[in-house]
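# Summary of the model geometry
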Amino acid sequence: MQDAMMPRSTQVHLENGALEPAAGTIVRRLSDMADHFHDQEAARALLAEDPVIYRVYMAWEADEGYAWLTGTTVIEPGRVGDEYFMTKGHFHSAQDAPEVYYTLQGEGMLLMQTRGGEPRELPLQPGAIQYIPGGWAHRAVNTGEAALIFLAVWPREAGHAYAGVSERGFPRLVVVRDGHPALVENPGFEIEAG
Ligand code: PAN
Ligand code: ZN
């Protein structure tokens, strides 16, 4: 039997969402995900600047066996055309693996969808805790003027399956309308055959 793993701790810097210590940081710029935004002309125009869209700070490496992974995500404020900055979004590879999101700062929207394309959205605001059941793809969108910062906790076995989402998109988009965030149907949404 392996030795017991050691208790551990990390600190969220609430002003910017960074973890210290962090086991790793992922930085996603527009060039890593330009095809995820619906206005491709606006995406191309903004590519010269190639802004950071979001960062993920991972708290620790996975233990063997049962393990929780956790990390903060910091989505910058901004838009590509009329669509707010957002994460790529993914299904979990282990289809029944769930996740919990806890919003620390900012405001936004959690977009979800089943494999069958049924949509569901929940608002993200400081103190909100969301449970994402297995089988629901998830994407966070920053609709505010400051960074959106949330903590996510998911089982090690979950894995991230990005392809399903990058091909079909989400059933709904979050766009600015008359200066306010609005949820609209995504005309480009497609569920692949099979
Ligand atoms: C989150 C996400 C994080 C970045 O930790 O991985 O917000 O989003 P993408 O992974 O879609 O780029 C999570 O849902 N983990 O499972
Ligand atoms: Zn996830």
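See the structure shown above.
This one's a predicted model, so the numbers in the text were calculated from it and none came from an experiment.

Scoring rules and cut-offs
Residues numbered from 1 in each chain as written. Chains lettered and ligands numbered in written order. Predicted model: local features only at pLDDT ≥ 70, side-chain atom pairs only at ≥ 80, totals over all residues. Heavy atoms only, no water. Core = buried A, V, L, I, M, F, W, Y, C linked by side-chain atoms within 4.5 Å. Buried < 20%, exposed > 50% of the residue type's maximum accessible area, 1.4 Å probe, protein only. Helix = DSSP H or I, 4+ residues; strand = E, 2+ residues; numbered from the N terminus. Contact = heavy atoms within 4.5 Å. Donors = N, O, S within 2.8 Å, 3.2 Å for Na, K, Ca; no water. Tetrahedral: all angles 85-135°; square planar, octahedral: opposite > 155°, others 65-115°.

As a further point, take the nonpolar core. Residues Leu30, Ile75, Val80 and Phe150 are the most contacted members of the largest nonpolar core, which totals 38 residues. Counting residues per element, the ones that place at least two in this core are helix H1 (40–46), strand S4 (52–58), strand S5 (68–75), strand S10 (108–114), strand S13 (136–142), strand S14 (148–155) and strand S16 (172–177). If near-sequence neighbours (up to four positions away) are discounted, leucine 30 is found in contact with Phe37, Ala43, Leu46, Leu47, Asp50, Pro51, Ile53 and Val80. Among the nonpolar cores identified, the runner-up in size contains 8 residues, and Val12, Tyr57, Ala59 and Val74 belong to it.

By definition of the ideal shapes, four donors in a tetrahedron about a metal sit 109.5 degrees apart, and six donors in an octahedron sit 90 or 180 degrees apart. Those protein atoms acting as donors to the zinc ion (ligand 2) are His90 (NE2), His92 (NE2), Glu99 (OE) and His138 (NE2), and they sit at 2.1 to 2.3 Å. One can describe the donor arrangement at the zinc ion (ligand 2) as octahedral, given that its 6 donor atoms subtend angles of 74 to 177° at the metal. In the primary structure, the donors to the zinc ion (ligand 2) are separated according to the pattern H-x1-H-x6-E-x38-H. Note that histidine 92 is positioned in strand S8 (residues 91–92) and histidine 138 in strand S13, a separation of 46 residues in sequence. We note that histidine 92, like histidine 138, is buried.

A negative phi holds for most residues other than glycine; trans holds for most peptide bonds. Note that the residue after glutamate 20, namely proline 21, is joined by a cis bond; omega there is 0°. Tracing the chain through its elements places proline 21 in the loop between strand S2 (19–20) and strand S3 (24–29). Phi at aspartate 178 takes a positive value of approximately 55°, unusual for a residue other than glycine. Its location among the elements puts aspartate 178 in the loop between S16 and strand S17 (180–185).

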